[in-house]
Amino acid sequence: MDASTRKIVFPLIIATVACLVVAAVILGPGRTADTNEAPAAAPDASTVAEAATISPDESASPDASIQEATADVASTAAAESDADRELPPMPEREGGWGRLVAAAPAGTLLERGGASSIGSLDPERERLQIDFSSKSAGISKITFSNFWRTGAAKRQADAHHAAIADGVSDPPPLPDESERYVLDTSGMLYTESGAAVETPILAVRSLRIIGWGDTPQDVLLFGDVWSEVEPGLFKSEIREEGTDQVVCSITRRFVLPEGRYEIALEQSVANESGQPLRVQWIQYGPGDLARDETTYLQDMRRFHFGYLMNSKRDPSQSHVLYSGMMLERRTAVEMAETYREDPIDNMLWPTEASREDGYSLSWFGTTNRYFALCIHAPYDPPDSPSKRLSAIETISPLGFGVDEEQNLETQLLGKLQYVDAGGSVDWDMGLYAGPLERSVLDGVEPYVGLNMGGLILYLMSGCCTFCTFAWLADFMVIFLSFIHGYVFDWGISIIFLVILVRTLLHPITRKGQISMQKNAKAMGEMKPELDELKKRYANDPEKQRKEQMRLMQEKGMNPLGCGGAMLPMFLQMPIWIALYAVLFFAFELRQEWAFYGIFQSFDGWAFMGDLSAPDNFIKFSGEPYDLWFFQFTGINLLPLLMGLVFYFQQKYMTPPPSASMTEDQLRQQKMMKVMMLVLFPVMLYGAPSGLTLYILTSSVIGTLESRYIRGHIKKLQEREDNEPDVIDGGGGGGSAKAAKKQDRMGRMYEQMLENARKRQEAKQQKKKTFKRR
């Protein structure tokens, strides 16, 4: 490949790689065809009828073999926790020991009209409102008081509360209740036959009792066996069937600490059987959250784990880690599909690594784009100093035929505990239900002590993971937040980031542009001489390369300089990808407008009203329009302006076609221009407007920078042309300009040719030696 061809091919390759990386970020394997934000819809009448025919055991858990599959794990847990506690032998009893069943105590709220709620939708009072289910002592819905589905609804609510705070007698109304952001609702689990079973959030499944009779009994607590004594306080009793004897009484209480995204879950079992028992708690855990609305059809839901190392490596048991324990949803779905065949290897926790290294669980959570639902240790020093979630032994995935239209749920198997007659045991835990916000998870206890900031992950999924530098994304969030603290606008902060990056890259940009312009001029001058060398040494490629190198040295040309102008764009690719991850995941930028909301002052214009979404220059009403991998919600202006700016940028960055170019080279240059003008705007059409704002601003500054550099190059060239030639003292007849020392890239290229020549000579010498033998 001659130098003239390299001048076109190298930039073309770099531009192609850049486009492919952007496409990989946008269209990674996380993309799915499901666009529903809410959990799976309720089944139709025929499905409900089918679900109603399921036996009580199956209705407690759609997977009828869950208890069997976890029996070995339960036995192991019992051996570890109660190895030195032996139950006394069962006394003889006439008629034997009967079957145990659960029943709801009488005279409670559920009998008077259904479950209640705690919390409030007034942000001045509470952060959450918890609506309870009428069965299984679970939660039917978690609604935020201060978060809304759209930026317009958020600003309307802010205006309402601001007017009330100012004492306005007739404040603007709140948005419709349907605009409130609901973190999670009761999910649907599907049996093998396709029947659906509604599963409230954190619903109780069953209680395993050992010591009543000869064999363990699993007493179902899923169903109408609970009484709500007061809002958030549930009670149930386990009795011997056919008698009034109470064996165990169960209490479950949900408490909302004031002004926090926290739910304290207190769970206890009191032994009223008159003899020691072993009991084990089984309940449902955090499952799929609602999918957040995005223009790109990506599913970014994940499962996260925080853990403690064993006591030998961490004697104080104070350092909670999370590295290497995140699961993409699609991985958890695959584990759920094969869980029945291999329950041990397909558990979410403990993993094989955690079993081998003796890790213990501290917290477990599920996240979507901006929010998390996470159970954690009831850490509250000095009263509760332990960071270990000792209430939970294993976590299993649940669901038959789980796909993008069905919910993936989890089952929590509590530790097996020994309880004396008249005594009680508990399985208390905390529950975080809130935003993935650094000021909360990295700034408020108990989340700081539990290192729950690990739930925040600015990382694209699938094949994009390797090219998203999390440390760079973290730095960008910190930098943007720092600038925002002074300018109070995220759009202005992004422009400051552009200025910083372009300033740091200016020396490289300047050098690359100068090298490219010099190469373009030198190639035109060298074309006749290069053609002559090709003819003269047509049968001696090695000699031809050496002569070409000599000619380039005489002209002071850098053979690799043609790719230098593309280097700044290539170096910015990690920044673009990290910025995409930040704009996609950073809660700080959710529903934040640009330029102080100036566009929204025009009758609520949606343009640039949310930097984490497309710019919506003209927003369509009704349902979005699906095409290929996009959801068209409107006409976006910034990507179109980007294509226009790319045109002018090429005008000042791409050298004019040389008279020495062949037809193939001209076609390649034209192809590269088309890729830049069309492919990038198309790929970024539905990207967050903050990202397109960054690239557009960077391109505008780059165009002005290129124009300045070209003027600087022109002045340098005029100065060189006016310098008199100075004949060197070596008798070579060359000028000082021609004898100028080559730059570093040129020397590297020369060294590469020299190494290739030596390898060729060594190969020929080896052949000669072989022939002599």
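Right above here is the structure, for reference.
As a convention, each chain's residues are numbered from 1 in the sequence order in which they are written. Totals for whole chains, interfaces and linings use every residue, but because this is a predicted model, local features are given only for residues with pLDDT of at least 70 and side-chain atom pairs only at 80 or more, for both listing and counting. Hydrogens are left out, water is left out, and the side-chain values use all remaining heavy atoms of the structure.

Glancing now at the pattern of salt bridges. Only one rule defines a salt bridge in this text: a Lys or Arg side-chain nitrogen within 4 Å of an Asp or Glu carboxyl oxygen. Going through the model one piece at a time under the given rule, you end up with 13 salt bridges. The shortest N-O distance in the salt bridge between E328 and R302 comes to 3.3 Å. Of this pair, E328 sits in strand β17 (residues 327–328) while R302 sits in strand β15 (residues 302–308); the two residues are 26 residues apart in sequence, bridging distant segments of the chain. Of the two residues examined, E328 and R302, each falls in the buried class. Think of it this way: any DSSP run of H or I at least four residues long counts as a helix, any run of E at least two long counts as a strand, and we number them from the N terminus. Using a 1.4 Å probe on the protein chains alone, a residue whose accessible area is under 20% of its type maximum counts as buried, one over 50% counts as exposed, and one in between counts as partly exposed.

The subject of this paragraph is the sheet that holds strand β14 (residues 277–285). Two strands form a pair only when DSSP identifies at least two bridges running between them. Taken together, the 5 strands give an open sheet; going across it, the order is β9-β8-β14-β21-β20, and neighbouring strands pair in antiparallel fashion. A single partner strand is all that each edge strand has here, and the edge strands are β9 (217–220) and β20 (392–398). Averaged over all pairs of adjacent strands, the angle between their axes in this sheet comes to 20°, without regard to strand direction. Taken together, the 6 bridges between strand β8 (residues 204–210) and β14 define a ladder with antiparallel strand orientation. Axis angles are defined between N-to-C directions and span 0 to 180 degrees, where every axis is a line fitted to C-alpha atoms and, for a helix, only to the segment in contact.

Moving on to the packing of aromatic side chains. Centres within 6.5 Å make a pair out of two Phe, Tyr or Trp rings, where for Trp the six-membered ring is used; the pair is then stacked when the planes are under 30 degrees apart, edge-to-face when over 60, and tilted otherwise. Under the definition given, this model contains 29 aromatic pairs. Here the aromatic rings of F234 and F254 are separated by 6.3 Å at their centres, their planes lie at 85°, and the arrangement is edge-to-face. Of this pair, F234 sits in strand β11 (residues 233–240) while F254 sits in strand β12 (residues 246–255), and the two are 20 residues apart along the sequence. Ring centres 6.5 Å apart and planes at 75° place the aromatic pair F595 and F599 in the edge-to-face group. Members of the aromatic cluster, connected to one another through ring pairs, are F144, F147, Y181, Y261, Y370, F371 and F587.

Bringing a nonpolar patch on the surface into the picture now. Among the surface-exposed residues, I618, F620, I635 and L640 lie close enough to one another that they form a single nonpolar patch of about 350 Å² accessible area. Here I618 lies in strand β24 (residues 618–619). Patches in this entry comprise residues that are over 30% relatively accessible and not in a salt bridge; like charges within 9 Å are linked, as are nonpolar side chains (Val, Leu, Ile, Met, Phe, Trp, Tyr) within 5 Å. For the area figures, the Shrake-Rupley method with a 1.4 Å probe applies, and any residue is considered shielded solely by the protein chains shown.

Attention now goes to the nonpolar core. Soluble, globular proteins show a tendency: their nonpolar side chains are buried together. The definition of a nonpolar core used throughout is a set of buried Ala, Val, Leu, Ile, Met, Phe, Trp, Tyr and Cys residues joined through side-chain atoms within 4.5 Å. Core analysis: the biggest nonpolar cluster contains 133 residues, and I209, F305 and Y694 have the highest contact counts within it. Not counting the four nearest positions on each side in its chain, Y694 is found in contact with I494, L497, V498, V501, Q572, I575, W576 and L579. By definition in these notes, contact holds between two residues if any of their heavy atoms fall within 4.5 Å.

Bringing the pairing of β15 into the picture now. Within β15, 7 of the 7 residues are buried, leaving the element largely enclosed by the surrounding structure. Residues of β15 alternate between two faces, with R302, H304, G306 and L308 on one and F303, F305 and Y307 on the opposite face, all of them buried. One ladder, built from 2 bridges, connects β15 with β17; its direction is antiparallel. Following the sheet pairing, F303 is matched in β17 by L327. Judged from the 7 bridges that link them, β15 and strand β18 (residues 360–367) form a sheet pairing that is antiparallel. Its bridge partner lying in β18, H304 is registered against G365. Pairing geometry for β15 and strand β16 (residues 320–321), over 2 bridges, is antiparallel. Across the sheet, L308 pairs through a bridge with V320, a residue of β16.

Keep in mind these numbers describe shape, not what the thing actually does.
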